[in-house]
Amino acid sequence: MKKKDFFANFWTISLFAVAGTIVSTFTIGYLVYFIGLTGMVEIDTSSPMEALLFGALISAVDPVATLSVMGNPKLNCDPLLYSLVFGESVLNDAVAIVLFNTFMTFYDSGEEFTTKTIPQVLLRFTGISLGSVLVGIIIGLICSYLCKNTQMSRYPEYEMSMIFLFAYGSYSFSESMKLSGIMSLFFCAVTMSHYNSHNLSSTSQVTSHYIFKSLACLSEFFVYLYMGMGFFTGRFRKWNFFFVVLCIMFCLFARALNSFPFSALANLFRFQQIPPKMKIAIWFAGLRGAIAFALSQNMPGESTDLYVSTTLSIVIFTTIVCGGLTEPMLSRMGMRGQPLTEAEQATYEVRMYMYRCMCMC
């Protein structure tokens, strides 16, 4: 993630990731609850909380799929579009998890869900989000201070170990306080990337970059391998094709309610406007992935298998269909940048070769 572009568009990204995810959650949740009330699908309709849990998890936009498609140098995506979509997808995951956990707390308490419950949910969500951000920033600053004011740079192995432990510590500390570990981890990482990268020794700067990148790459491989095995081995037996189609339509509709109104609202305060074509691209780029699938494993009630299989189907559909059509759509709409020069392409290929060698080692 390019931090300069991220913070230059931070308020627009936050608008999409926070307000947009809340709108998407309630839209999908209540639409699913409505079809449950009509008897189209057999789900728990005693309270809309179960449907809202599903709405929260399926609103998680996957940054890995987005990065794979729009981050390809050959595509050379518009920088503004890339920063908005990728920044939203990274922050959106944390927001979706906080919403899911907040709904789960009310679900486990057995409280009756009324219109008065919604302000309580939003207030709790705000408190958890701000607390998680604060914990992540503080721990990141502590790590940066220690690296700058100690002789840790003489021992690169201890230096990298401390970075890992502080990052994991921000996650564990937030979880122990009933906050969001992933949101805390994200802002801890952003803080250390901005303040601590120059405090590290040259050995640690290079080595830690490739070590963490390799671990992230392996984690992504294992997650998608697990999802693929679940789909093709028939592990999830409760499939409802009609429910899958309806949920895909709900996701597209909720994504539209997120993208177009909030893009228009953001343009009122932006110097660089978001053009209509870019709004369509943002709407189309709502790919679902590992976070949604992981959250679906925690769905309560007797319809867990239905929600898991539906989530997996939506992940596969958005990744293959929406992800596969992203490049031709951007080409037809003129949202691609200038082709890379031979020197830039050669530089990219050298970097990828070095990265593969590091992974093999």
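Rules of the game
- Residues numbered from 1 in each chain as written.
- Predicted model: local features only at pLDDT ≥ 70, side-chain atom pairs only at ≥ 80, totals over all residues.
- Heavy atoms only, no water.
- Helix = DSSP H or I, 4+ residues; strand = E, 2+ residues; numbered from the N terminus.
- Contact = heavy atoms within 4.5 Å.
- Areas by Shrake-Rupley, 256 points an atom, 1.4 Å probe, with all protein chains shown as cover.
- Salt bridge = Lys/Arg side-chain N within 4 Å of Asp/Glu carboxyl O.
- Buried < 20%, exposed > 50% of the residue type's maximum accessible area, 1.4 Å probe, protein only.
- Polar contact = N/O pair within 3.5 Å; in protein donor to acceptor, adjacent residues only side chain to side chain.
- Axes fitted to C-alpha atoms, helices over the stretch in contact; angles between N-to-C directions.
- Left-handed = near helix turned anticlockwise from the far one by under 90°.
- Expected span 1.5 Å × (residues − 1).
- Bend = angle between axes of the 7 residues up to and from the residue.
- Phe/Tyr/Trp six-rings, centres within 6.5 Å; stacked < 30°, edge-to-face > 60°.
- Disulfide = S-S within 2.5 Å.
- pLDDT = per-residue confidence, 0-100.
- Core = buried A, V, L, I, M, F, W, Y, C linked by side-chain atoms within 4.5 Å.

On to the overall build of the chain. Of the regular secondary structure elements, the chain holds 14 helices and zero strands. Secondary structure elements of the chain, listed N to C terminal, follow the sequence α-α-α-α-α-α-α-α-α-α-α-α-α-α. When contacts within the chain are restricted to residue pairs at least 6 apart in sequence, those whose partners lie at least 24 apart make up 80%. Entry remark: accessible area of the chain is about 18,500 Å², with carbon and sulfur atoms responsible for 66%.

Let us look at the pattern of salt bridges. The full count for this structure, using the stated rule, is one salt bridge. Of the charged contacts in the structure, one is a salt bridge between Arg255 and Glu88, with a shortest N-O distance of 2.8 Å. Placement of Arg255 in helix H10 (residues 241–267) and of Glu88 in helix H5 (residues 79–109) is noted, with a sequence separation of 167 residues between them. The exposure class assigned to Glu88 is buried, which follows from its relative accessible area of 1%.

Examined against the element boundaries, Thr21 turns out to sit in helix H2 (residues 10–37). At 2.4 Å, the side chain of Thr21 forms a polar contact with the backbone oxygen of Ala17. Setting aside its immediate chain neighbours within four residues, Thr21 contacts Phe16, Ser59, Asn92, Val95, Ala96, Leu99 and Asn258.

Interaxial distance between H2 and helix H6 (residues 117–149) falls to 13 Å at its minimum, and their mutual angle equals 145 degrees. Remark: the crossing between H2 and H6 carries right-handed chirality. Here Val18, Ile22, Phe26 and Tyr30 of H2 lie close against H6, whose contacting residues are Ile118, Leu122 and Phe125.

With that settled, consider helix H13 (residues 304–332). Spanning 29 residues, H13 covers 41 Å between terminal C-alpha atoms, matching the ideal 42 Å at 1.5 Å per step. The largest bend in H13 is about 40 degrees, located at Thr326, with the proline Pro328 one to four residues further on. After H13 finishes, the residue Gly334 shows a positive phi value of roughly 70 degrees.

Attention shifts here to the environment of Asp78. Here Asp78 lies in the loop between helix H4 (63–70) and H5. With 252 residues separating them in the primary sequence, Asp78 and Leu330 have C-alpha atoms 9.3 Å apart.

All right, on to unusual backbone geometry then. Even without glycine at this site, Lys178 takes up a positive phi of about 65 degrees. Residue placement: Lys178 occurs in the loop between helix H7 (156–176) and helix H8 (181–195).

Glancing now at the packing of aromatic side chains. In this structure the tally under the stated criterion is 12 aromatic pairs. Considering the side-chain rings of Phe26 and Tyr30, the 6.4 Å spacing of their centres and the 20 degrees angle between planes classify their relative orientation as stacked. Linking Phe26 with Tyr30, this pair stays in helix H2, spanning four residues, or about one helical turn. Classification of Phe26 by relative accessible area gives buried; the value is 14%.

So, on to the state of the cysteines. One pass over the full model with this rule turns up zero disulfides. With no disulfide of its own, Cys188 lies 6.9 Å from the sulfur of Cys143, the closest cysteine sulfur.

All right, on to the confidence of the model for the chain then. Averaged over the chain, the pLDDT score is 81; the fraction of residues at 70 or greater is 86%. When the criterion is pLDDT under 50, residues 348–361 qualifies, and its contacts beyond four places in sequence or with other chains add up to seven contacts.

Our next topic: the nonpolar core. By size, the foremost hydrophobic cluster in this structure holds 84 residues, and its most contacted members are Val32, Phe54 and Phe103. Ignoring any residue separated from it by four or fewer positions in sequence, one finds Val32 in contact with Ile43, Ala51, Phe54, Phe243, Cys247 and Phe250. Phe293, Val308, Leu312 and Val315 belong to the second-largest nonpolar core, a separate cluster that totals five residues.

This part takes up H8. The terminal C-alpha atoms of H8 lie 21 Å apart, and with 15 residues this matches the ideal 21 Å at 1.5 Å per residue to within 8%. Taken together, the buried positions of H8 are occupied by Gly181, Met183, Ser184, Phe186, Phe187, Cys188, Val190, Thr191 and Met192. Along its buried surface, H8 packs onto helix H1 (3–8), H5, H6 and H7.

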